[in-house]
Amino acid sequence: MDHFLYRNGSLHAEDVALSEIAASVGTPFYCYSAATLTRHYQLFKEALSPLDNLVCFAIKSLSNVAVLKLLGDLGAGMDVVSVGEYLRARAAGVPGERIVFSGVGKTREEMRTALEGGIRQFNLESEPEMRALSEVAASMGLRAPVTVRVNPDVDAKTHEKIATGKSENKFGIPIARAREVYAEIARLPGLEAVGIDVHIGSQLTELEPFGQAFDKVADLTAALRADGHTIRRLDLGGGLGIPYTRSNEAPPLPLDYGALIKEKLGHLGCEIEIEPGRLISGNSGVLVSRVIYVKNGEGRDFLILDAAMNDLVRPSMYGAHHDIVAVAEPAPGAPTQPFDVVGPICETGDTFAKARDLPLLAEGDLVAFRSAGAYGAVMANEYNSRPLVPEVLVRDDHFAVIRARPDYDEMLKRDIVPEWL
Ligand SMILES: *Cc1c(COP(=O)(O)O)cnc(C)c1O
């Protein structure tokens, strides 16, 4: 459920009409609902209760500092995959003890910055990285708290680009090697193992792959404890999927996911960490765009929007579906027609939807892409020299621009023409 509903014939974010924001900010823009972000975070907290737990928001899904502050103030931890994300979490006021550092290629500089600033744990992804972190931490007179991200060789049954838990994926250390790796960690001067980490992919729509992974983590916990290691935390990653259409069957609920965690791992007495991104941010955001032209092609009509693949890349990158709705509520029973919904970018990949049944939209009308809060603004770029799309946050009856649309001067200023040209 979210807080984007029609009221008085117009799509609102909470108590604010999206048309009002469009008039003030221009289009396209992302709009997030504070109430929806809060609710989704709370769903996980309720699902994990009464386990000792930390819900670490995966910043990579939506990294605006205002959103991070909102979640951080509720008590959320953060899952970061770069020092840039680490600095965002800190800028949002999140203490280092609530930040976990994931990612396959952490550099020594990134490790040093996080160790200096404070970090809850590093999730190690390879043996060379393990040795590098030990060196960095030891050189600072520290022992870095670590987990090993194990690759359980489980099929997450999701899109190939976001499946991460099979042995052929680049992520983690094969679970069969885990005991050797923990033995080496115990010998290294700069590391202290605190737990185990696993993350098998994103947009999972079934619980079964999670169950398989959690079973393997439970077995590994017992084996490592028998080897004499202290395993007090289990980081179970993120990945719970969201409904992108209102018609398809609903993915599992956080409550059922929490019940599975308790069933499989509750008896181990570990602190549970999870790293949800999409489920917190996805349905908390929409992308609002205006129709520039309606073009009647041969056998099809194109709705040409002022948003493009540079603003929302998921349809062209993953073949993803986003519901597209008119901001002005169509009358009940109003006619629809199929449109190819496209952006202005000079490539055919800049297509959001084909033959999508929509109301009879016209030039100047506003549309909203639903479920665009996750992997939307964060993946935006300036392709075709289109300025980065702005972001707006709504709470109750007020809104604020939380990232402004850059002007063209700002864009041009970044390029440097050498003197010798
Ligand atoms: C991407 C990612 C997540 C978040 O995934 P969602 O599907 O957005 O929940 C969590 N942990 C790690 C390590 C990730 O790479």
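Here is what the cut-offs are and how they apply
Residues numbered from 1 in each chain as written. Predicted model: local features only at pLDDT ≥ 70, side-chain atom pairs only at ≥ 80, totals over all residues. Heavy atoms only, no water. Axes fitted to C-alpha atoms, helices over the stretch in contact; angles between N-to-C directions. Helix = DSSP H or I, 4+ residues; strand = E, 2+ residues; numbered from the N terminus. Parallel < 35°, antiparallel > 145°, perpendicular 65-115°, else oblique. Left-handed = near helix turned anticlockwise from the far one by under 90°. Contact = heavy atoms within 4.5 Å. Nonpolar A, V, L, I, M, F, W, Y, C, P; charged D, E, K, R; others polar. Domains from an automatic or database assignment. Buried area = accessible area lost by both parts, 1.4 Å probe. Polar contact = N/O pair within 3.5 Å; in protein donor to acceptor, adjacent residues only side chain to side chain. Salt bridge = Lys/Arg side-chain N within 4 Å of Asp/Glu carboxyl O. Buried < 20%, exposed > 50% of the residue type's maximum accessible area, 1.4 Å probe, protein only. Near = heavy atom within 4 Å. Areas by Shrake-Rupley, 256 points an atom, 1.4 Å probe, with all protein chains shown as cover. Phe/Tyr/Trp six-rings, centres within 6.5 Å; stacked < 30°, edge-to-face > 60°. Pairing = 2+ DSSP bridges. Arc of directions from axis to C-beta. Lys, Arg positive; Asp, Glu negative; His and termini not counted.

Here the focus is the packing of helix 5 (residues 108–117) against helix 6 (residues 127–139). Relative to each other, helix 5 and helix 6 sit at 50 degrees, their axes nearing to 10 Å. Overall, the two elements helix 5 and helix 6 adopt an arrangement that is oblique. Handedness of the helix 5/helix 6 crossing: right-handed. Contacts between helix 5 and helix 6 involve Arg108, Met111, Arg112 and Leu115 from the first element and Glu129, Ala132, Leu133, Glu135, Val136 and Ala137 from the second. Grouping the constituent residues of the contact of helix 5 with helix 6 by class yields six nonpolar, no polar and four charged.

When the parts of a complex come together, some accessible area is lost, and that lost area is often taken as the interface size. Each domain of the chain was delimited in the assignment, giving domain 1 (4–31 + 282–413) and domain 2 (103–274). Averaged C-alpha coordinates put domain 1 and domain 2 at centres separated by 36 Å. Between domain 1 and domain 2, the contact holds twelve residues from the first and nine residues from the second. Approximately 880 Å² of surface area, both sides summed, lies buried where domain 1 meets domain 2, with 48% of it carried by carbon and sulfur atoms. Between the two partners, domain 1 and domain 2, sit two residue pairs in polar contact (both at pLDDT 80 or more). The class makeup of the residues in the side of domain 1 that touches domain 2 is four nonpolar, five polar and three charged.

In total, this model carries 25 salt bridges according to the counting rule given. Close ionic contact of Glu184 with Arg131 constitutes a salt bridge, the shortest N to O distance being 2.8 Å. With a gap of 53 residues between them, Glu184 in helix 7 (residues 178–187) and Arg131 in helix 6 connect regions that are remote in the sequence. Assessed through its relative accessible area of 36%, Arg131 is described here as partly exposed. With a shortest N-O distance of 2.5 Å, Arg414 and Glu382 are connected by a salt bridge. Of this pair, Arg414 sits in the segment after helix 12 (408–413) while Glu382 sits in the loop between strand 19 (366–369) and strand 20 (391–395), placing them 32 residues apart in sequence. You can call Arg414 exposed: its relative accessible area is 52%.

Attention now moves to the site of the ligand. The ligand sits among 15 residues. The nearest are Lys60, Ser202, Glu275, Arg278 and Tyr375. Note that a nitrogen atom of the ligand is positioned 2.6 Å from one of the side-chain N or O atoms of Glu275. Here Tyr375 contributes a side-chain N or O atom positioned 2.6 Å from an oxygen atom of the ligand. In isolation the ligand offers 390 Å² of accessible surface; the protein chains occlude 93% of this area. Tallied by class, the residues present in the shell around the ligand amount to three nonpolar, seven polar and five charged.

So, on to the packing of helix 2 (residues 34–48) against helix 9 (residues 254–265). Orientation of helix 2 relative to helix 9, taken along the N-to-C sense of each, is 30 degrees, at an axis distance of 8 Å. The handedness of the crossing between helix 2 and helix 9 is right-handed. Here Leu43, Phe44, Ala47 and Leu48 of helix 2 come into contact with helix 9, specifically with Pro254, Leu255, Tyr257, Gly258, Ile261 and Lys262. Residue classes in the contact of helix 2 with helix 9 are distributed as eight nonpolar, one polar and one charged.

This part takes up the packing of aromatic side chains. Per the stated rule, a full pass over the model turns up seven aromatic pairs. On the numbers, 5.1 Å between centres and 70 degrees between planes, the contact of Phe210 with Tyr257 is edge-to-face. Here the residue Phe210 occupies a position in helix 8 (residues 208–226), and Tyr257 occupies one in helix 9, the gap between them amounting to 47 residues. Here the aromatic cluster, defined as three or more aromatic residues joined through ring pairs, consists of Phe44, Phe210, Phe214 and Tyr257.

Time to look at helix 3 (residues 65–73). Residues lying three or four places apart along an α-helix face the same way, a consequence of the helix completing one turn every 3.6 residues. Within helix 3, burial applies to Val67, Leu68, Leu70, Leu71 and Gly72. Gly75 sits one or two positions beyond helix 3 and adopts a positive phi of about 110 degrees.

This paragraph deals with the sheet that holds strand 1 (residues 4–7). The strand order 1-2-3 describes an open sheet built from three strands, whose pairing is antiparallel. At either end of the open sheet lies a strand with only one pairing partner, and these are strand 1 and strand 3 (16–17). Bridge analysis of strand 1 against strand 2 (residues 10–13) gives four bridges, and the strand direction is antiparallel. Each bridged residue has a counterpart across the sheet, and for Phe4 the counterpart in strand 2 is Ala13.

On a regular strand, one side chain projects to one face of the sheet and the next to the other, so that they alternate. Across the five residues that make up strand 15 (residues 301–305), a large majority, four, are buried. Taken together, the five bridges between strand 14 (residues 285–296) and strand 15 define a ladder with antiparallel strand orientation. Bridging from a neighbouring strand, Val291 pairs with Leu305 of strand 15. A loop of four residues connects strand 14 with strand 15, the two strands running antiparallel in sequence, and Gly299 in this loop sits at a positive phi of about 75 degrees.

Residues Leu18, Ile21, Ala22 and Val25 constitute the buried set of helix 1 (residues 18–25). For helix 1, the buried positions fall inside an angular range of 100 degrees around the axis, keeping them on one side. Along helix 1, exposed side chains directed more than 90 degrees from the buried face belong to Ala23 and Ser24.

We now examine the side chain of Arg356. Positionally, Arg356 belongs in strand 18 (residues 351–359). With no salt bridge to any partner, buried Arg356 finds its closest opposite charge in Asp323, at an N-O distance of 4.7 Å. Among the polar contacts made by the side chain of Arg356, one reaches the main-chain carbonyl oxygen of His322 at a distance of 2.8 Å.

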